Amino acid sequence: MPELTLKHFILKQRALNLYRQAVRATRSISDRNTRAETIAWIRSEFERNRCIDDVMLIEDKISAGRRELRQLFPMADVSHPERRR
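As a starting point, this report considers the structure included with it. (Residues numbered from 1 in each chain as written. Predicted model: local features only at pLDDT ≥ 70, side-chain atom pairs only at ≥ 80, totals over all residues. Heavy atoms only, no water.)

1. Description of the nonpolar core
Part 1 of the reasoning: Listed in full, the 10 residues of the largest apolar core are Leu 11, Leu 18, Ala 22, Ala 25, Ile 29, Ile 42, Ile 58, Ile 62, Leu 69 and Phe 73.
Part 2 of the reasoning: Broken down by element, this core gets its largest block of residues, 4 residues, from helix H1 (residues 6-25).
Part 3 of the reasoning: Those residues in contact with Ile 58 that lie beyond four places of it in its chain are His 8, Leu 11, Ile 52 and Asp 53. (Core = buried A, V, L, I, M, F, W, Y, C linked by side-chain atoms within 4.5 Å. Buried < 20%, exposed > 50% of the residue type's maximum accessible area, 1.4 Å probe, protein only. Helix = DSSP H or I, 4+ residues; strand = E, 2+ residues; numbered from the N terminus. Contact = heavy atoms within 4.5 Å.)

Right, here's the structure in full:
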């Protein structure tokens, strides 16, 4: 297992923030079963990519996740946390 850098820890926090935003965005889904299935799908996508350690690939996955979240839930605030301050 490669040594994790500060960049890895920063990206881990960004990925966790994206996960939280995605789960929060599902609150707009009124059907309980559909919401549960959507959350399960979100979790499985994050779990599937959990072992990636290439910084560039992680950044690409986070960017793609933000785009996908914007498409699925247009009202969701998925801006970069650093830019909101």
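2. Structural notes on helix H3 (residues 55-72)
Part 1 of the reasoning: In this model H3 runs 26 Å from its N-terminal to its C-terminal C-alpha over 18 residues, within 8% of the 26 Å that 1.5 Å per residue would give.
Part 2 of the reasoning: Within H3 the residues assigned to the buried category are Ile 58, Ile 62, Arg 66 and Leu 69. When H3 is viewed along its axis, its buried side chains cluster within an angular range of 80° and face the same direction. Projecting away from the buried face of H3 at angles above 90 degrees are the exposed residues Met 56 and Gln 71.
Part 3 of the reasoning: Of the residues flanking the start of H3, the one acting as N-cap is Asp 54, its side-chain oxygen 3.2 Å from the backbone nitrogen of Met 56. (Expected span 1.5 Å × (residues − 1). Arc of directions from axis to C-beta. Polar contact = N/O pair within 3.5 Å; in protein donor to acceptor, adjacent residues only side chain to side chain.)

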